[in-house]
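Close look at the chain arrangement
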Amino acid sequence: MPQIDQLAETYSSQIFWLLVFFGITFFVVGRGMVPRVMDTMDKRSKQIADDISAAQSARDQADKEEEAWRVRENENRARAQALISEAKAEAAAKSEKKMSAAQKRLDKKLEEADARIAEARDSALTEIEAVATEAAQDIVAQLAGIKVTKPAANAAVKESLAHG
């Protein structure tokens with residue numbers, strides 16, 4: 001085979017050019033491109049790590065702010081409840097004052113009405129006594145023919161009314 005026969009003559013020349021192309025490839029790729037690619041990968045890895053770190057710190061800060069907000073919200077809720085309780089107590093006190101004032105007015109009116117009733121009762125009793133005294137004088141005068149004085153008839157009527 002003629003191809004194999006030529007191998008010995010061109011063998012050293014092929015090895016030389018193989019080494020030249022591998023050398024050029026090594027220097028171009030290995031010394032030029034690979035360090036740039038590795039540097040880019042390192043920068044990306046560092047950027048990713050920095051981004052993750054920044055995201056974690058932002059998340060921690062957001063958690064702190066959320067907790068602070070929750071604390072403020074709970075305090076505001078407690079203050080609102082205190083205001084509501086205070087308003088209820090104040091309204092109850094005002095209502096109690098109004099009820100007390102109304103009760104005092106009613107009590108005063110009742111006392112006045114009781115006084116008027118007592119006065120009317122006393123007046124009616126005095127009138128009844130006067131009519132009964134006159135009637136007793138007239139009855140005794142017609143039945144017995146005796147004239148009874150007004151004070152004696154009045155005393156008899158009072159005694160009769162007191163004992164029933």
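Residues numbered from 1 in each chain as written. Predicted model: local features only at pLDDT ≥ 70, side-chain atom pairs only at ≥ 80, totals over all residues. Heavy atoms only, no water.

This paragraph deals with the UniProt feature "coiled-coil region" (unreviewed entry) in the chain. Within the UniProt annotation, "coiled-coil region" (unreviewed entry) is assigned to residues 70-123. For residues 70-123, helix accounts for 100% and strand for 0%, while the C-alpha atoms at its two ends are 78 Å apart. (UniProt positions renumbered as here; feature names shortened; annotations may be inferred. Helix = DSSP H or I, 4+ residues; strand = E, 2+ residues; numbered from the N terminus.)

Another point: the UniProt feature "transmembrane region" (unreviewed entry) in the chain. When the UniProt feature table is mapped to this numbering, "transmembrane region" (unreviewed entry) covers residues 15-34. The annotated region residues 15-34 carries 100% helix and 0% strand content, and the separation between its end C-alpha atoms amounts to 25 Å.

With that settled, consider the pattern of salt bridges. Considering all chains together, one arrives at four salt bridges under this definition. Here K43 and D39 are joined by a salt bridge, their closest N and O atoms 3.6 Å apart. Within this pair, K43 and its partner D39 are both found in helix 1 (residues 2-143), separated by four residues, close to a single helical turn. Since its relative accessible area comes to 38%, D39 is described here as partly exposed. Residue D50 is joined to K46 by a salt bridge in which the shortest nitrogen-to-oxygen separation is 3.2 Å. A residue pair is termed a helical-turn pair when its members lie 3 or 4 positions apart in one helix, as D50 and K46 do in helix 1 at four residues. (Salt bridge = Lys/Arg side-chain N within 4 Å of Asp/Glu carboxyl O. Buried < 20%, exposed > 50% of the residue type's maximum accessible area, 1.4 Å probe, protein only.)

What follows concerns the packing of aromatic side chains. Inspection of the entire model under this criterion finds three aromatic pairs. Their ring planes at 75 degrees and their centres at 5.2 Å tell us that F16 and W17 sit as a pair that is edge-to-face. By relative accessible area, F16 is classed as partly exposed at 47%. Aromatic pair F26 and F27: ring centres 5.4 Å apart, planes at 75 degrees, arrangement edge-to-face. (Phe/Tyr/Trp six-rings, centres within 6.5 Å; stacked < 30°, edge-to-face > 60°.)

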